[in-house]
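# Fold and contact review
Okay, here's what each chain looks like letter by letter:
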Amino acid sequence: MLDLIPANICVLDDTGQILFTKTHWELFAKIHGNSEPSKVGVGANYFDYCSVAQEISEEHMNGIQSVLKHEISTFETEYFCDLEEGKLWFLMKAIAQKGRSGCGVSHFDITQNKKIEEESSKNEALYKNFSDHSPAIIYTKDMNGKYIHINKKAEEIFGVKNVEVVGKNLFEVFPRK
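Presented here is a report on the structure given in the accompanying data block.

## Some thoughts on the pairing of strand β2 (residues 18-21)
Where strand β1 (residues 8-12) lies against β2, 3 bridges are found, and the strand directions are antiparallel. Within the sheet, the bridge partner assigned to C10 lies in β2 and is T21. What sits between the antiparallel neighbours β1 and β2 is a turn of 5 residues, in which G16 has the positive phi angle 100°.

## Notes on the pairing of β1
Burial analysis of β1 places 4 of its 5 residues in the buried class, which makes it a mostly covered element. Where β1 meets strand β5 (residues 103-109), 5 bridges bridge the pair, whose relative direction is antiparallel. Bridging from a neighbouring strand, V11 pairs with G104 of β5.

## Observations concerning the sheet that holds strand β3 (residues 74-83)
Read from one edge of the open sheet, 5 strands run β2-β1-β5-β4-β3, paired in antiparallel fashion. Since the sheet does not close on itself, it has two edges, and those belong to β2 and β3, each with one partner. The average angle at which neighbouring strand axes cross in this sheet is 20°, direction not considered. Set on the sheet, helix α4 (residues 58-68) makes contact with β1, β3, β4 (86-96) and β5; between it and β3 the angle comes to about 150°.

## As for unusual backbone geometry
Even without glycine at this site, H70 takes up a positive phi of about 60°. Its relative accessible area of 44% is what places H70 among the partly exposed residues.

## Notes on the side chain of K22
Mapping K22 onto the fold places it in the loop between β2 and α1 (23-31). Here the side chain of K22 touches A7 through a polar contact of 2.5 Å, landing on its backbone oxygen.

## Regarding the nonpolar core
Counting residues in hydrophobic clusters, the biggest one holds 25 residues, and the most contacted among them are L12, Y46, I64, C103 and V105. The residues contacting Y46, other than those within four sequence positions of it, are C10, L12, G16, I18, W25, I64, V105 and H107. Core analysis: the next-biggest nonpolar cluster, separate from the first, contains 6 residues, Y147, I150, V165 and V173 among them.

## So, the environment of F171
Here F171 lies in helix α8 (residues 170-173). Given the relative accessible area of 44%, F171 is considered partly exposed. As a C-alpha pair, F171 and T15 span 156 residues in sequence and 60 Å in three-dimensional space.

## Here we look at the pattern of salt bridges
Within the structure shown, the criterion is met by 7 salt bridges. Ionic pairing is found between E76 and K93, a salt bridge with its closest N-O pair at 3.4 Å. Taken together, the residues E76 in strand β3 and K93 in strand β4 connect sequence positions 17 residues apart. We classify E76 as partly exposed; its relative accessible area is 47%.

Cut-offs used in this document
- Counting of residues starts from 1 at the beginning of each chain's written sequence and follows it residue by residue.
- Whole-chain, interface and lining totals are the exception, using all residues; otherwise, since this is a predicted model, local features are given only for residues with pLDDT of at least 70 and side-chain atom pairs are given and counted only at 80 or more.
- Side-chain measures here rest on the full set of heavy atoms in the structure, leaving out hydrogens and waters.
- Between any two strands, pairing holds if DSSP finds at least two bridges.
- The helix and strand labels rest on DSSP assignments: H or I over at least four residues marks a helix, E over at least two residues marks a strand, and numbering proceeds from the N terminus.
- For every residue, the accessible area (1.4 Å probe, protein chains only) is compared with the maximum for its type, and the residue is labelled buried under 20%, exposed over 50%, or partly exposed between those bounds.
- Lines are fitted to the C-alpha atoms to define the axes, a helix being fitted only along its stretch in contact, and any angle between axes, read from their N-to-C directions, falls within 0 to 180 degrees.
- Any two residues whose heavy atoms approach within 4.5 Å are treated as being in contact.
- In the analysis that follows, any N or O atom pair within 3.5 Å is treated as a polar contact, provided that within protein one partner can donate a hydrogen and the other can accept it, and provided that, for residues neighboring in sequence, both atoms belong to side chains.
- Here, nonpolar core refers to any group of buried Ala, Val, Leu, Ile, Met, Phe, Trp, Tyr and Cys residues whose side-chain atoms link them within 4.5 Å.
- For salt bridges, the criterion is a side-chain nitrogen of Lys or Arg within 4 Å of an Asp or Glu carboxyl oxygen.

Quick look at the structure:
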């Protein structure tokens, strides 16, 4: 049933020993060069593996250990792996088991989301650069009529700064008299 969830999942005891893995856990490790289940599968120690894995930082391990000690109920972080096929991004989440020792750890592949964010940032920078160098007044508003951005020409003509108008509507920026 857990194989329906598109993530690499394992369950750890309070020492970090892997008690359970979803099918994808060991398959992912094998695809990416770790073909020894004894290092990443049931019975292995998660922290031993993480201590040699470049992409898992001490901060990540401390977060999971805080969950195992019930100091916090969840720990979440993003990290990336540089693999032969390129950079893969993951959202790692550790969740304490209620009323029991141990925790569940999942690694969701968020590479597509990161690529979309990156592309969106590039497009946003391109738009801002274009609009700020245009001799025309250019502004964008959201669906509620609130300013998202005004260009440098609009700032110059109307005597307001972009940071002063973002999130406001026309009448909040220029009140009726």
